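In case you want the letters, here they are:
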Amino acid sequence: CIMFAGCTDDPLGDGENTEQGGNNGGGGSGESVSPVSVSLGKVTATTVQFDMTLDLKAMSQYEEAGLIFSSVDDLDISAETATIFQINRESYSKVFTGLTYSTKYYYTTYLKKGAFYHYGEKKEFTTPNVLLELSAGSITATTAQITGTVEGLSASDKLRIQVGMFYSSEKGKVEKGQ
């Protein structure tokens, strides 16, 4: 079988085989078991974790395996908007940072054999929105206790954020608190 789109020898199942890239249009038969698998781990507003496994014995017929993800629905190995991560160990967990909150991302696996890339099934996830919740505790004539929580960020992102509060005792006047 020559590896063109629609070919029945699709090692990733439900993907597409193309020379030097191509979209994940589907159409593969899934007759073979893929030597690479990726599962979605923890997703925060700015990070994502992928857990990957690689069957090294099954990889003997391929030159390269990896993961592609992007916020643009174009998961081609040559796409400028794609993040490409080559998988070269049996088991690997990778956290990617710098994602945008409340954004849909797409991801898939790929295998390279000669000049052809074989793509897996396209999947997606959405980063959660960042939520800031404030609540007032005890309030007196001269003081107010206000507490807040930030949800949707990773622990490392929370450490980098400076939290402050603005308040006003008069309409149109804003003062900065601690």
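These figures come from a predicted structure and were not determined experimentally.

What counts, and where the lines are drawn
- Residues numbered from 1 in each chain as written.
- Predicted model: local features only at pLDDT ≥ 70, side-chain atom pairs only at ≥ 80, totals over all residues.
- Heavy atoms only, no water.
- Helix = DSSP H or I, 4+ residues; strand = E, 2+ residues; numbered from the N terminus.
- Buried < 20%, exposed > 50% of the residue type's maximum accessible area, 1.4 Å probe, protein only.
- Contact = heavy atoms within 4.5 Å.
- Core = buried A, V, L, I, M, F, W, Y, C linked by side-chain atoms within 4.5 Å.
- Salt bridge = Lys/Arg side-chain N within 4 Å of Asp/Glu carboxyl O.
- Pairing = 2+ DSSP bridges.
- Axes fitted to C-alpha atoms, helices over the stretch in contact; angles between N-to-C directions.
- Patch = residues over 30% accessible without salt bridge, like charges linked within 9 Å, V, L, I, M, F, W, Y side chains within 5 Å.
- Areas by Shrake-Rupley, 256 points an atom, 1.4 Å probe, with all protein chains shown as cover.
- Phe/Tyr/Trp six-rings, centres within 6.5 Å; stacked < 30°, edge-to-face > 60°.

Participant: How should I be thinking about the overall build of the protein chain in this particular structure?
Facilitator: A tally of helices and strands in the protein chain yields one helix and 13 strands. For the protein chain, the sequential pattern of α-helices and β-strands runs β-β-β-β-β-β-β-β-β-β-β-α-β-β. Here the protein chain holds 178 residues, and the buried ones make up 35% of them. In the protein chain, 53% of the contacts between residues at least 6 apart in sequence involve partners at least 24 apart.

Participant: Looking at this model, I keep getting lost on the nonpolar core. Mind explaining?
Facilitator: Across soluble globular proteins, nonpolar side chains have a tendency to be buried as a group. With 19 residues, the main nonpolar core has Phe50, Leu67 and Phe96 as its most contacted residues. The element best represented in this core is strand β3 (residues 47–54), accounting for four residues.

Participant: Help me understand the pattern of salt bridges in this model?
Facilitator: One side chain can pair with another of opposite charge once the charged atoms of both are near each other. A complete count under the given rule lists three salt bridges for this structure. The partner of Lys112 in a salt bridge is Glu63, and the shortest N-O contact between them spans 4.0 Å. Here Lys112, found in strand β7 (residues 104–113), pairs with Glu63, found in the loop between β3 and β4 (64–70); they are 49 residues apart in sequence, far enough to count as distant.

Participant: Would you explain the sheet that holds strand β6 (residues 91–97) in this entry?
Facilitator: As a general point, the strands of a sheet are linked pairwise by backbone hydrogen bonds and lie either parallel or antiparallel. Pairing within the open sheet is antiparallel, and its three strands lie in the order β2-β3-β6. Each edge of the sheet is formed by a strand with only one pairing partner; in this case those strands are β2 (36–43) and β6. Within this sheet the neighbouring strands show an average axis-to-axis angle of 20 degrees, counted without direction. Pairing of β3 with β6, which is carried by seven bridges, proceeds in the antiparallel orientation. Along β6, the bridge assignment pairs Phe50 with Lys94.

Participant: Teacher, can you tell me more about a nonpolar patch on the surface here?
Facilitator: On the surface, a cluster of nonpolar side chains totalling about 300 Å² of accessible area is made up of Leu132, Leu134 and Ile146. Following the sequence through the fold, Ile146 ends up in strand β11 (residues 144–151). Judged by its relative accessible area of 39%, Ile146 is partly exposed.

Participant: I keep staring at the environment of Gly137 and nothing clicks. Help me out?
Facilitator: As for its placement among the helices and strands, Gly137 is situated in strand β10 (residues 131–139). For Gly137 and Thr147, which are 10 residues apart along the polypeptide, the C-alpha to C-alpha distance reads 7.2 Å.

Participant: Help me understand unusual backbone geometry in this model?
Facilitator: What is expected of a backbone is that most residues other than glycine have negative phi and most peptide bonds are trans. Of note, Ser102 is a non-glycine position whose phi angle comes to about 55 degrees, a positive value. Judged by relative accessible area, which is 45%, Ser102 ranks as partly exposed.

Participant: Just checking my understanding: could you explain the packing of aromatic side chains for this structure?
Facilitator: Two aromatic rings are characterised by how far apart their centres lie and by the angle between their planes. This structure, assessed with the given rule, holds 11 aromatic pairs. Ring centres of Phe50 and Tyr107 lie 5.0 Å apart, and the angle between their planes is 55 degrees; this geometry places the pair in the tilted category. Of this pair, Phe50 sits in strand β3 while Tyr107 is found in strand β7, placing the two residues 57 residues apart along the sequence. Of the two residues, Phe50 and Tyr107, neither departs from the other in class, the shared state being buried. Pairing Tyr107 with Phe125 gives two aromatic rings, centres 6.0 Å apart and planes at 55 degrees, and the pair type is tilted. Within this pair, whereas Tyr107 is found in strand β7, its partner Phe125 is found in strand β9 (residues 123–126), the two being separated by 18 residues in sequence. Tyr107 gets classed as buried once you look at its relative accessible area, which sits at 6%.

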